[in-house]
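Geometric and topological summary
Here is what each chain is made of, one letter per residue.
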Amino acid sequence: MARIVVKFGGTSVAGIPQIENAAAKVAAEIARGHQVAVVVSAMSGVTNQLIEYCREISPLHDAREYDAVVASGENVTSGLMALALQKRGIQARSWQGWQIPILCSDVHGKARILEIDGTEIARRMDNDNEVAVIAGFQGVTSRQRVTTLGRGGSDTTAVALAAALQAERCDIYTDVNGVYTADPRIVQHARKLKKISYEEMYELASSGSKVLMTRSVEMAMKMNVPVQVLSTFEEPIGSDYPGTLVTRDEDIVEQEVVNGVAHSKDEAKVTLVKVPDIPGIAAGVFGPLAEANINVDMIVQNVSQDGKTDMTFTVSKAELQRAMQVLKNEPRLAGIEIRFDEDVAKISVVGIGMKSHAGVAQTMFTALAERGINIQVISTSEIKISVLIAAEYTELAVRALHAAYGLEGDRKLA
Ligand code: ADP
Ligand code: ASP
Ligand code: MG
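Now for a quick tour of the structure. Just so it is clear, the model here is predicted, and its values are computed rather than measured.

What counts, and where the lines are drawn
Residues numbered from 1 in each chain as written. Chains lettered and ligands numbered in written order. Predicted model: local features only at pLDDT ≥ 70, side-chain atom pairs only at ≥ 80, totals over all residues. Heavy atoms only, no water. Helix = DSSP H or I, 4+ residues; strand = E, 2+ residues; numbered from the N terminus. Contact = heavy atoms within 4.5 Å. Areas by Shrake-Rupley, 256 points an atom, 1.4 Å probe, with all protein chains shown as cover. Lys, Arg positive; Asp, Glu negative; His and termini not counted. Charge placed at Lys NZ, Arg CZ, Asp CG, Glu CD. Pairing = 2+ DSSP bridges. Axes fitted to C-alpha atoms, helices over the stretch in contact; angles between N-to-C directions. Near = heavy atom within 4 Å. Polar contact = N/O pair within 3.5 Å; in protein donor to acceptor, adjacent residues only side chain to side chain. Nonpolar A, V, L, I, M, F, W, Y, C, P; charged D, E, K, R; others polar. Core = buried A, V, L, I, M, F, W, Y, C linked by side-chain atoms within 4.5 Å. Buried < 20%, exposed > 50% of the residue type's maximum accessible area, 1.4 Å probe, protein only. Phe/Tyr/Trp six-rings, centres within 6.5 Å; stacked < 30°, edge-to-face > 60°. Salt bridge = Lys/Arg side-chain N within 4 Å of Asp/Glu carboxyl O. Parallel < 35°, antiparallel > 145°, perpendicular 65-115°, else oblique.

A word on the overall build of the chain
- Per the secondary structure count, the chain includes 12 helices and 20 strands.
- In terms of overall dimensions, the chain has C-alpha extents of about 75 × 55 × 35 Å along its principal axes.
- Counting contacts in the chain only where the partners sit at least 6 residues apart, residues at least 24 apart contribute 75% of the total.
- Accessible surface computed for the chain: about 19,000 Å², of which carbon and sulfur atoms make up 49%.
- Mean positive and mean negative side-chain charge positions of the chain (42 and 51 charges, respectively) differ by 2 Å.

A short note on the sheet that holds strand 6 (residues 131-135)
- One open sheet accounts for eight strands, arranged 3-6-2-1-9-11-12-10; its pairing is mixed. Only two strands of the sheet have a single partner each, and these edge strands are strand 3 (92-95) and strand 10 (195-197). Averaged over all pairs of adjacent strands, the angle between strand axes in this sheet comes to 20°, irrespective of strand direction.
- Both strand 1 (residues 3-8) and strand 2 (residues 35-40) contribute to a ladder of six bridges, which runs parallel.

Structural notes on the sheet that holds strand 18 (residues 344-350)
- Ordered in space as 13-18-20-19, the four strands form an open sheet in which the pairing is antiparallel. Every interior strand has two partners, whereas the edge strands, strand 13 (260-264) and strand 19 (377-381), have only one. With direction set aside, neighbouring strand axes in the sheet form an average angle of 20°.
- Here strand 13 pairs with strand 18 via five bridges, running antiparallel. Bridging across to strand 18, Gly260 finds its partner in Val350.

Observations concerning the site of ligand 2
- The local shell around ligand 2 consists of Ser41, Ala42, Thr47, Glu74, Phe137, Arg151, Gly152, Gly153 and Ser154.
- Contact distances for ligand 2 include 2.9 Å between an oxygen atom and a backbone N or O atom of Gly152.
- One of the backbone nitrogen or oxygen atoms of Ser154 is found 3.0 Å away from an oxygen atom of ligand 2.
- Tallied by class, residues from the shell around ligand 2 come to two nonpolar, five polar and two charged.

Focus: the site of ligand 1
- Neighbouring ligand 1 are 16 residues, the closest being Thr174, Asp175, Tyr180, Asp183 and Arg185.
- Within the side chain of Thr174, a nitrogen or oxygen atom sits 2.6 Å from an oxygen atom of ligand 1.
- Residue Asp175 places a side-chain N or O atom 2.8 Å away from an oxygen atom belonging to ligand 1.
- Burial of ligand 1 by the surrounding chains reaches 89%, relative to a free accessible area of 570 Å².

Examining the pairing of strand 19
- In terms of strand pairing, strand 19 meets strand 20 (residues 384-390) through five bridges, oriented antiparallel. Across the sheet, residue Ile378 finds its bridge partner in strand 20, namely Val387.
- As consecutive antiparallel partners, strand 19 and strand 20 are separated by two residues.

So, the nonpolar core
- Val5, Ile134, Cys170, Met201 and Val227 are the most contacted members of the largest nonpolar core, which totals 43 residues.
- Looking at this core, the element that brings in the most residues is helix 6 (residues 154-164), giving six residues.
- Judged by nonpolar contacts, the second largest core, of 25 residues, contains Ala367, Ile373, Ile385 and Ile389.

Section: the environment of Pro59
- Tracing the backbone shows Pro59 in the loop between helix 2 (46-57) and helix 3 (63-70).
- Measuring from C-alpha to C-alpha, the distance between Pro59 and Gln321 comes to 8.6 Å, with 262 residues separating the pair along the chain.

Regarding the packing of aromatic side chains
- Overall, the coordinates contain two aromatic pairs when judged by the stated rule.
- Ring centres 5.0 Å apart and planes at 20° place the aromatic pair Phe8 and Tyr173 in the stacked group. One end of the pair, Phe8, is in strand 1; the other, Tyr173, is in strand 9 (residues 169-174), and 165 residues separate them in sequence. In this structure, Phe8 and Tyr173 share a single accessibility class: buried.

Focus: the pattern of salt bridges
- As enumerated under the stated definition, the model contains 23 salt bridges in all.
- Among the salt bridges present, the one from Glu120 reaches Arg124, with a minimum N-O distance of 2.9 Å. Taken as a pair, Glu120 and Arg124 lie in helix 5 (residues 119-128) at a separation of four residues, close to a single helical turn.
- A residue is classified by how much of its surface remains accessible, and Glu120, at 28% relative accessible area, is partly exposed.
- Salt bridges sharing partners connect three or more residues here, namely Glu120, Arg123, Arg124 and Glu130.

Examining the packing of helix 3 against helix 4 (residues 72-87)
- Taken N-terminus to C-terminus, the directions of helix 3 and helix 4 make an angle of 25°; their axes are 4 Å apart at the nearest point. Put simply, helix 3 runs roughly parallel to helix 4. Contacts between helix 3 and helix 4 involve Ala68, Val69 and Val70 from the former and Ser72, Gly73 and Glu74 from the latter.
- Classifying every residue of the contact of helix 3 with helix 4 gives three nonpolar, two polar and one charged.

This is the structure we're talking about:
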C-alpha cells in the first residue's frame, strides 16, 4: 500500500462544488488502496483579499499580525475538506500548522519549514485509516506564533509533509494538467512535458512559473520526493502519471537544450544613480538589504565614468517599499539618488542542455532584437538565462522565445 500526499490549490477548492470534486479525487486514491494525506490552499482569491485587508490598514504592517490574518484562509478549507470527506464515509480530520506541529523559522510572511512531526498523522493513518487534511501555507514558530510560507506556500507544505511521512509521491492538483514549456495561458501552443528534472523545475519556478513554489521544488530535490503536477478538473486517461512528473534528471531520457520559458512581473528594478566607484558601496547596499531579509535577484553595475557608476538590481515588488526605506536610511548611501521602476518583467529560458551547448544566449538576444525589445539587465546561471525588459512586451517576448527555441511541435536545437 503506497502512501501519497495530495495537494489542492486555490481554484481546486474555490467553492463547495470544487471541494466535493476534490474529495472525490481523494476517495478514488483511497479506493486504489493508497493511504492519503491531503493539503489544501485557501479558496482562490481569499489570500489576495486577506493581504489587501492588511494593506488597507497599513502598507508597512506588523508581519506577525499579517501572518495571523492570511493563514486563516487555509483554516476554512481544511475544515470544509474534512467535512466533504466525512460525507463520503471517509474518516477525516483537519489539522492546522500549529496542531501537527509544522515548526517554522520566524521570518514572518516567508518562513521556512524547519521540522514536521508526522508521528500522530502517520499513527492515525495506520491504525484508524484516518485521512489528515492539513491547512497548507502555514506553520508555527518556536515562540508559538502563527507564520506563513510565502505565496504558493501550500506546495511546500505538501512536499515537506510527503518527506516527513515518507510518502511515495506528492501529487499537486491544480488548474492545468501539468508543467508546460511556457505558461499555457500566454502561449497557446505550449507543450506539456511528461517529465521535468528538479533542477529545471527549480529554475522555472524561481523565474516566475508559479505552477510550483520554488521552495517546494528545492525541498523535493533535497528530500528526493517525486512530485506530480496534474489537473483537478480532468479525468486521468490510462496512465500512471497523467500529469507531469518532476524527478531526478537521470530518470529523463530526452534532454533538450531549452525546456521552458518563464516570465515574472513580480520584480521591480532599483537603480542607484552615479554612485562613487569605490570599494564598499555594494556592501552598503546589499548588506542592509540582507539584514532586512530582502532578496535581491539580478544585479548589474556599469563601468564607471569619471569615478561614478550606476548600480541596478531587482527586488520583489512586494518588498520594494521596504527596500527603499532600508536604502534611504543607510548612512553609507546618503546623498545618492535612488530610482525605482515597477514596469518591468523578467523573461527566462531554462534547460539542462545549456551546460553543453553554445549559442543559446545568442538565440535569445536575436529573437528579442528582431521584435525591437530592449534588454535592460541580463543574468545567467548554468542552466538559465534571464533578461529584464519593459513589462508591456512580456507576452510578445515569451511567445517569441518559445518559437525561437522550437518548443512547440517538432523541436530543433538552438
Ligand atoms: P494553484 O492555485 O493550484 O496553486 P497556481 O495558480 O499557483 O495554482 O499555479 C497554476 C498556474 O500556473 C496555471 O494556471 C498557469 O497559468 C501557471 N503557469 C505558469 N507557468 C506554467 C507552466 N510552465 N506550466 C503550467 N502552468 C504554468
Ligand atoms: N493561499 C496561499 C496563496 O495564495 C498559499 C497557496 O495557495 O499555496 O499564496
Ligand atoms: Mg500555487
